[in-house]
Amino acid sequence: QLHLVESGGEWLQPGVSLRLSCAASGSISSIIAMGWFRQAPGKEREFIAARRWATGTTYLADSVRGRFSISRDASINTIYLQMTSLKSEDTAVYFCAAGRPITSNARTVRGYTSWGQGTQVTVSS
């Protein structure tokens, strides 16, 4: 079984940066890729970024390209979401996900089988 724990969410003002972390434990060998999704109130869960562990291939949503990036520290089984120039529309619960997605579903919820509990990011002046 895989366990994911996100951290780093907080309330911030527009324009600042924030880094989220997600630590994985348990059945680490089952992971092909890990990613980040977000869900705002009343909206569907939205893909943000993902990274394949073996190749380092990354996927990034067009909505955050140029502002967000995903990275990994393999030594501690942790992925990060670096967010810059935050906007009010970035306000959401951010979820970490892990699984064995193929290329066609790496940007979708169904590509991932394990999820963290989420961490709230609020961007407001």
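Structure first, text after, so check above.
Bear in mind the structure is a predicted one, so any value in this text is a computation, not a measurement.

K.L.:
What am I meant to see in unusual backbone geometry here?
P.N.:
Working note: non-glycine residues mostly have negative phi, and peptide bonds are mostly trans. Phi is positive for asparagine 77, which is not a glycine, with a value near 50°. Along the polypeptide, asparagine 77 turns up in the loop between β7 (68–73) and β8 (78–83). The phi dihedral of serine 85 falls on the positive side, at around 45°, and the residue is not glycine.

K.L.:
Is there a simple way to think about the environment of lysine 43 in this case?
P.N.:
The residue lysine 43 is located in the loop between β4 (33–39) and β5 (46–52) in this model. We classify lysine 43 as exposed; its relative accessible area is 59%. Through-space distance from the C-alpha of lysine 43 to that of glutamate 89 is 12 Å; in sequence the pair is 46 residues apart.

K.L.:
How do you make sense of the pairing of strand β11 (residues 119–123) when you look at a structure like this?
P.N.:
Both faces of the sheet carry side chains from a regular strand, because those side chains alternate between them. Side chains Thr119, Val121 and Val123 of β11 all project onto a buried face; the interleaved residues Gln120 and Thr122 project onto a face where none is buried. The pairing of strand β2 (residues 11–12) with β11 spans two bridges and is classified as parallel. Within β11, the position partnered with leucine 12 by the bridge is valine 123. The pairing of strand β9 (residues 92–99) with β11 spans three bridges and is classified as antiparallel. Its bridge partner being in β11, alanine 92 is matched across the sheet by valine 121.

K.L.:
Can you help me understand the pattern of salt bridges in this one?
P.N.:
Applying the stated criterion across every chain, the model contains four salt bridges. The closest approach of N and O atoms between aspartate 90 and arginine 38, which form a salt bridge, is 2.9 Å. Within this pair, whereas aspartate 90 is found in the loop between β8 and β9, its partner arginine 38 is found in strand β4, the two being separated by 52 residues in sequence. Of the two residues, aspartate 90 and arginine 38, neither departs from the other in class, the shared state being buried. Between arginine 65 and aspartate 62 there is a salt bridge, and its shortest N-O distance comes to 3.1 Å. Note on arginine 65: relative accessible area 48%, which makes it partly exposed. Within this structure, Arg38, Glu46, Arg67 and Asp90 form a network of salt bridges that share partners.

About the criteria used
Residues numbered from 1 in each chain as written. Predicted model: local features only at pLDDT ≥ 70, side-chain atom pairs only at ≥ 80, totals over all residues. Heavy atoms only, no water. Helix = DSSP H or I, 4+ residues; strand = E, 2+ residues; numbered from the N terminus. Buried < 20%, exposed > 50% of the residue type's maximum accessible area, 1.4 Å probe, protein only. Pairing = 2+ DSSP bridges. Salt bridge = Lys/Arg side-chain N within 4 Å of Asp/Glu carboxyl O.

None of the figures reported here should be taken as evidence of function without further support.
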